[in-house]
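Below are the chains, spelled out letter by letter.
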Amino acid sequence: WKHRGLPAGLADCRGNADRAPATSLPALQSPHQSGGADGLGCFTVDGQEINRLSRSKLARWRSEYIGYIFQLYNLVPILTAYENVELPLLLHPLSRAERHKKVTAALQLVGIADRHSHYPRQLSGGQEQRVAIARAIVTDPKIIVADEPTGDLDAESAASIMKLLVRLNREL
């Protein structure tokens, strides 16, 4: 999965795959935001130079390649767990049936399919984080960016979430 500190297939603009991931993350922004014009913060994924993409193509690339897991979940409070997981799929040309299949599979993978109709306020912190993880993996991204995914959880929930992430990394 990782190659010299970076996920497989990820390299900076000079072809180096040994830079710390934190130095590469600015390339997820537009070249103007990340300093891409002078070679800072740019990298290549699967042979594609991310710093050369327009804003709209970069947005599309992010929706296809990256899943985000936020420390504070960032779930939409007026949407159910199912709807929160379905949200990133609305950016893709999928039928309702295809979306349903993917959402159901993601919720099952994280062990929370039985809570699909619950709103975030009806879930524990660990359950909310599982919904956030399901949302991050539902598009089958090549890269998962996790911002302290256990930082707001008790020790037991944090250990459970870390085991889940390790398992998902192995299985997916």
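Residues numbered from 1 in each chain as written. Predicted model: local features only at pLDDT ≥ 70, side-chain atom pairs only at ≥ 80, totals over all residues. Heavy atoms only, no water.

A. Structural view of the overall build of the protein chain. The secondary structure content of the protein chain amounts to seven helices and seven strands. For the protein chain, the N- to C-terminal ordering of α and β elements is β-β-β-α-α-β-β-α-β-α-α-α-β-α. For the protein chain, contacts bridging at least 24 residues in sequence account for 62% of all contacts bridging at least 6. Accessible surface, the protein chain as shown: approximately 9,600 Å² in total, 53% of it carbon and sulfur. (Helix = DSSP H or I, 4+ residues; strand = E, 2+ residues; numbered from the N terminus. Contact = heavy atoms within 4.5 Å. Areas by Shrake-Rupley, 256 points an atom, 1.4 Å probe, with all protein chains shown as cover.)

B. Representation of the pattern of salt bridges. What the rule picks out here adds up to five salt bridges. For the salt bridge of Arg60 with Glu64, the shortest nitrogen-to-oxygen distance reads 3.5 Å. Note that Arg60 and Glu64 are positioned in helix 3 (residues 55-65) at a spacing of four residues, about one turn of the helix. A residue is classified by how much of its surface remains accessible, and Glu64, at 37% relative accessible area, is partly exposed. For Arg99, the salt bridge goes to Glu86, with nearest N and O atoms at 2.9 Å. With Arg99 in helix 5 (residues 96-109) and Glu86 in helix 4 (residues 81-86), this pair connects stretches of sequence that are 13 residues apart. Residue class for Arg99 comes out buried when judged on its relative accessible area of 14%. (Salt bridge = Lys/Arg side-chain N within 4 Å of Asp/Glu carboxyl O. Buried < 20%, exposed > 50% of the residue type's maximum accessible area, 1.4 Å probe, protein only.)

C. Focus on the environment of Gln127. If you trace the backbone, Gln127 turns up in helix 6 (residues 125-137). The exposure class of Gln127 is partly exposed, given its relative accessible area of 23%. Setting aside its immediate chain neighbours within four residues, Gln127 contacts Ile112, Arg115 and Gln122.

D. Representation of the side chain of Ser63 within the structure. Within the secondary structure layout, Ser63 lies in helix 3. Polar contacts involving the side chain of Ser63 include one to the main-chain carbonyl oxygen of Arg60, which spans 2.8 Å. Beyond its immediate stretch of four places on either side in the chain, Ser63 contacts Leu91, His92 and Thr139. (Polar contact = N/O pair within 3.5 Å; in protein donor to acceptor, adjacent residues only side chain to side chain.)

E. Just the nonpolar core, in detail. Judged by nonpolar contacts, the single largest core of 26 residues is most densely connected at Val85, Val103, Leu107, Val110, Val131 and Ile133. The set of elements that each furnish at least two residues to this core consists of helix 4, helix 5, helix 6 and helix 7 (155-171). Ranked by residue count, the leading element in this core is helix 6, at six residues. Excluding residues that lie within four positions of it along the chain, Val131 makes contacts with Leu75, Ala81, Asn84, Val85, Ile112 and Leu123. In this structure, Phe43, Val45, Leu53 and Ile66 belong to the second largest nonpolar core, which totals nine residues. (Core = buried A, V, L, I, M, F, W, Y, C linked by side-chain atoms within 4.5 Å.)

F. A look at the packing of aromatic side chains. Applying the stated criterion across every chain yields a total of two aromatic pairs. Plain terms: the ring middles of Trp61 and Tyr65 are 5.0 Å apart, the flat faces sit at 15° to each other, and that makes the pair stacked. With Trp61 and Tyr65 both in helix 3 and four residues apart, the pair spans about one turn of that helix. For Trp61, a relative accessible area of 3% puts it in the buried group. Seen in terms of ring centroids, Tyr68 and Phe70 are 6.0 Å apart; in terms of plane orientation they differ by 15°. Their pairing is stacked. Look at Phe70 and you get partly exposed, because its relative accessible area is 30%. (Phe/Tyr/Trp six-rings, centres within 6.5 Å; stacked < 30°, edge-to-face > 60°.)

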